[in-house]
Amino acid sequence: MKDLFLFLRRFASPYKWNVAGSVFFNFLTMGLTVFSFAFIMPILRILFNLDTTSYVWQPWGSGQFQDVLINNFYWSVTQIISSIGPVWTLALMAGALIVATFLKVMAAYLSEYCVIPMRNGVVTDIRNQMYSKIVSLPIGFYTHERKGDIMSRLLGDVGEIEASVAASLAGLLKNPIQIIGYLFVMVVLSWKLTIFVFILLPIAGWIMGTVGKKLKVKSLEAQNMLGTILSTAEETIGGLKVVKAFNAEKHMEDVFQGETDDYRKISNSIQRRWSLAHPMSEFLGTIAVSVVLWFGGAIIINGETAIDAPGFIYYMVIFYSIINPAKELTKVGYTLRKGMAALQRIDKILGAENPIKDPENPVEMPKDLKDGGSVSFKNVSFSYDGERYVLQDINLEVKAGMTVALVGQSGSGKSTMVDLIPRFWDVVHGEVEVEGHPVEAYNVADLRGVMGIVNQEPILFNDTIFNNIAFGSPEATLKDVEEAAKIANAYEFIIDTEDGFQTMAGDRGSRFSGGQRQRISIARAVLKNPPILILDEATSALDTESERLVQEALERLMKNRTTIVVAHRLSTIANADLICVLQEGRIVEKGTHQQLIELNGVYRHLVEMQRLK
Ligand code: ADP
Ligand code: MG
């Protein structure tokens, strides 16, 4: 229950008016239901000739309000009977019942009508909030979470909320109002009979509660399993080539089937429990009705005046009407528990803290960094897990316009080092500075705004080439994009495709070769025209011919800016102003190509190793 209120406070507050409208129409529906049933009573009395009393009009206020109301209502009915006869009165009553029912169903419809935009709105809001959060969370968050699991939260759990919480909203507003309304009428009709209901209700509630208790825990388990299943599917599709090459289809199938089997079992258990809600509330409801029927019947048979027979029938009609909303409400309660489990999983993402924050008083990024900006590392140490240091005591001064190369064995920390500059990660000790201020002093967007990054793995979106190049530069014209493509040595092959710049790149750019993808991603960096350029093994994945084309493109791109280049092939960085050799997270040598060759150390060794190949 507490969860539910928190949920409503968080997500339903923009929909206050929808709630108000729905509550209003629900009250109207309830009133009309009670009212339309009221027409049945005189019909019964007339049919069975039960009523032999002669009614006299009583002025309002001359007694208990409901007594006067009922008396005067019957008086009006007898008046009508005496003027148009019983048959036509019956017809009139039936007509009134039809009208009242029509108004009732209309009001019920209007209350649903008000809830629908809220239902869909809440789900849309949650989905959008999730997406914003997913985009804003730092890279680090995703090294701990599986992609498939995150997808399952975004799709599956939001879907679960849609199917459970959101779909229950209408019932949540409707059923309690109906129950309270009917109970009120019942108390008015006969509080003696109604006492039973008040004794039985909490008992029934307790029984229902114990059965439903485990639902949330189990649902959480089930949703987690679904996340695992999706992760496995995602990984398999992503690595299908390896799966096939190693004949591992059977193995993957076994893994997958093991997971789906667990899911099947827990789903059975959840759904069985959930299905109990309906029959159980029906059974408990019938027990209550039977007890009241017996007790009320006894009162009438004994001739006590607490209630008369038609009054009792009306009472039972109202009481019976409670069972339906009560049944629905228990079902809503059970469904909500499933939904709350999904919400808990969603909150793992929505509530995730983003450690990469904008400062309160950001330093303004200088606008005139035409010839590059300066970058420096001061005593920087970094660890991914807080235990093993991947970088230690890194000191490096990159002046504006310089080209600095980082070399070293794979795993020596080169990528980690350049990832610290755009704040993909924050340093543990020391300071990374851009233009003399720590990177944490700038707004993250400003900081990244002055950087262009080209990685080993070019990332293209399944969009047109134009949009892929203009990504991040929304004002770019076709001419700008063409210009950038020319500098990146990409123009020729782009215009050779059937639709030129409007050609779709395919899933992750799969329509193009690695070298072509890389040149498109270089064009993207060219178009952004960043003062600081970070190249992390941009040419490593390429064959010699594409490497030459990409290298040419890069050299054009590196002019007039600060460039930090991580290079695998050392021949490409011989002209760098400064070369740093990294070994196990430390800079072990620093100098120009010539100086390092003369030093006859690690760098020279690396160069000679590559020559041999
Ligand atoms: P390089 O780019 O020089 O090949 P990296 O900077 O990628 O090296 O990696 C340096 C070290 O940090 C390696 O030992 C690697 O295992 C570790 N590492 C890289 N990325 C992560 C990560 N996201 N989480 C934990 N450890 C990582
Ligand atoms: Mg690397």
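So, how was this worked out
- Residues numbered from 1 in each chain as written.
- Chains lettered and ligands numbered in written order.
- Predicted model: local features only at pLDDT ≥ 70, side-chain atom pairs only at ≥ 80, totals over all residues.
- Heavy atoms only, no water.
- Buried < 20%, exposed > 50% of the residue type's maximum accessible area, 1.4 Å probe, protein only.
- Helix = DSSP H or I, 4+ residues; strand = E, 2+ residues; numbered from the N terminus.
- Pairing = 2+ DSSP bridges.
- Axes fitted to C-alpha atoms, helices over the stretch in contact; angles between N-to-C directions.
- Contact = heavy atoms within 4.5 Å.
- Phe/Tyr/Trp six-rings, centres within 6.5 Å; stacked < 30°, edge-to-face > 60°.
- Lys NZ or Arg CZ within 6 Å of the ring centre and 35° of its normal.
- pLDDT = per-residue confidence, 0-100.
- Near = heavy atom within 4 Å.
- Polar contact = N/O pair within 3.5 Å; in protein donor to acceptor, adjacent residues only side chain to side chain.
- Areas by Shrake-Rupley, 256 points an atom, 1.4 Å probe, with all protein chains shown as cover.
- Nonpolar A, V, L, I, M, F, W, Y, C, P; charged D, E, K, R; others polar.
- Parallel < 35°, antiparallel > 145°, perpendicular 65-115°, else oblique.
- Left-handed = near helix turned anticlockwise from the far one by under 90°.
- Arc of directions from axis to C-beta.
- Salt bridge = Lys/Arg side-chain N within 4 Å of Asp/Glu carboxyl O.

1. Brief notes about unusual backbone geometry
For E435, which is not a glycine, the phi torsion comes out positive at approximately 50 degrees. We classify E435 as partly exposed; its relative accessible area is 26%. With a phi angle near 45 degrees, E584 is a residue other than glycine that sits in the positive phi range. By secondary structure assignment, the location of E584 is in the loop between β9 (578-583) and β10 (586-591). Taking the relative accessible area as the measure of exposure, E584 reaches 71% and is therefore exposed.

2. A word on the sheet that holds strand β8 (residues 562-566)
Judged by pairing direction, the sheet is mixed, and its 6 strands sit side by side in the order β6-β7-β8-β3-β9-β10 without closing on themselves. One side of each edge strand has no neighbouring strand; the edge strands of this open sheet are β6 (451-454) and β10. Strand after strand, the sheet turns through a mean of 15 degrees between neighbouring axes, direction not considered. As paired strands, strand β3 (residues 403-408) and β8 are joined by 4 bridges and run parallel to one another. When the bridges of β8 are listed, A405 appears paired with V565. In the packing of helix α20 (residues 544-558) onto the sheet, the strands contacted are β3, β7 (532-536) and β8, and the crossing angle to β7 comes to about 155 degrees.

3. With respect to the packing of aromatic side chains
All told, the structure shown has 12 aromatic pairs when counted by the stated rule. Between Y491 and F501, the aromatic rings sit 6.1 Å apart at their centres with planes inclined by 40 degrees, giving tilted as the arrangement. Of this pair, Y491 sits in helix α18 (residues 491-496) while F501 sits in the loop between α18 and α19 (514-528); the two residues are 10 residues apart in sequence, bridging distant segments of the chain. In terms of burial, Y491 and F501 fall into one category: buried. The structure contains a cluster of three or more aromatic residues connected by ring pairs, namely F382, Y384 and W425. Against the face of W274 rests K338, its NZ or CZ located 5.1 Å from the ring centre.

4. Section: the confidence of the model for the protein
Of the residues in the protein, 97% have a pLDDT of 70 or more, and the chain-wide mean is 86. Confidence, read as mean pLDDT per element, is least for helix α3 (residues 40-48) in the protein (66) and greatest for strand β1 (residues 375-383) (96).

5. Concerning the sheet that holds strand β5 (residues 437-438)
Read across the sheet, 4 strands follow the order β2-β1-β4-β5 without closing on themselves; strand pairing throughout is antiparallel. In this open sheet, the two strands that pair with only one neighbour each are β2 (389-398) and β5. Relative to β5, strand β4 (residues 429-434) runs antiparallel, the two being bridged by 2 bridges. Bridging from a neighbouring strand, E433 pairs with P438 of β5.

6. Observations concerning the pairing of β4
Both β1 and β4 contribute to a ladder of 5 bridges, which runs antiparallel. Following the sheet pairing, S376 is matched in β4 by E433. Connecting β4 to the antiparallel partner β5 that follows it, the hairpin turn spans 2 residues, and E435 within it adopts a positive phi of roughly 50 degrees.

7. Section: the site of ligand 1
Neighbouring ligand 1 are 13 residues; G411, G413, K414, S415 and T416 lie closest to it. Within the backbone of G413, an N or O atom sits 3.0 Å from an oxygen atom of ligand 1. A total of 560 Å² of accessible area belongs to ligand 1 in isolation, and the protein chains cover 66% of it. Looking at which element gives the most residues to the shell around ligand 1, the answer is helix α14 (residues 414-419), with 3 residues. When its residues are assigned to classes, the shell around ligand 1 shows 3 nonpolar, 8 polar and 2 charged.

8. Concerning the packing of helix α7 (residues 147-189) against helix α13 (residues 309-350)
When two helices pack together, their arrangement is captured by the angle between the axes and the distance separating the axes. Taken N-terminus to C-terminus, the directions of α7 and α13 make an angle of 155 degrees; their axes are 6 Å apart at the nearest point. Here α7 is positioned roughly antiparallel relative to α13, judged by the angle of their axes. As for the relative orientation of α7 and α13, their crossing is left-handed in sense. For the contact of α7 with α13, a count of residues per class yields 28 nonpolar, 9 polar and 9 charged.

9. Overview of helix α17 (residues 478-487)
Side chains three or four residues apart in an α-helix point the same way, a direct result of the helix having 3.6 residues per turn. Among all positions of α17, only V481, A484 and A485 are buried. What you see down the axis of α17 is that its buried residues fit within an arc of 100 degrees, all on one side. The inward-facing, buried residues of α17 contact α16 (465-469), α18 and α19. Once α17 ends, the next one or two residues include N489, with phi positive near 60 degrees.

10. So, the pattern of salt bridges
This model, assessed by the stated rule, comprises 18 salt bridges. In this structure, D157 engages R345 in a salt bridge whose closest nitrogen and oxygen atoms are separated by 2.9 Å. Highlighted residues: D157 in helix α7 and R345 in helix α13, separated in sequence by 188 residues. Each member of the pair D157 and R345 is classed as buried. The residue R423 makes a salt bridge to D426 at a minimum N-O spacing of 2.8 Å. For R423, a relative accessible area of 3% corresponds to the buried category. For D426, a relative accessible area of 23% puts it in the partly exposed group. Here the salt bridges do not stand alone but share partners, grouping D149, R153, D157 and R345 into one network.

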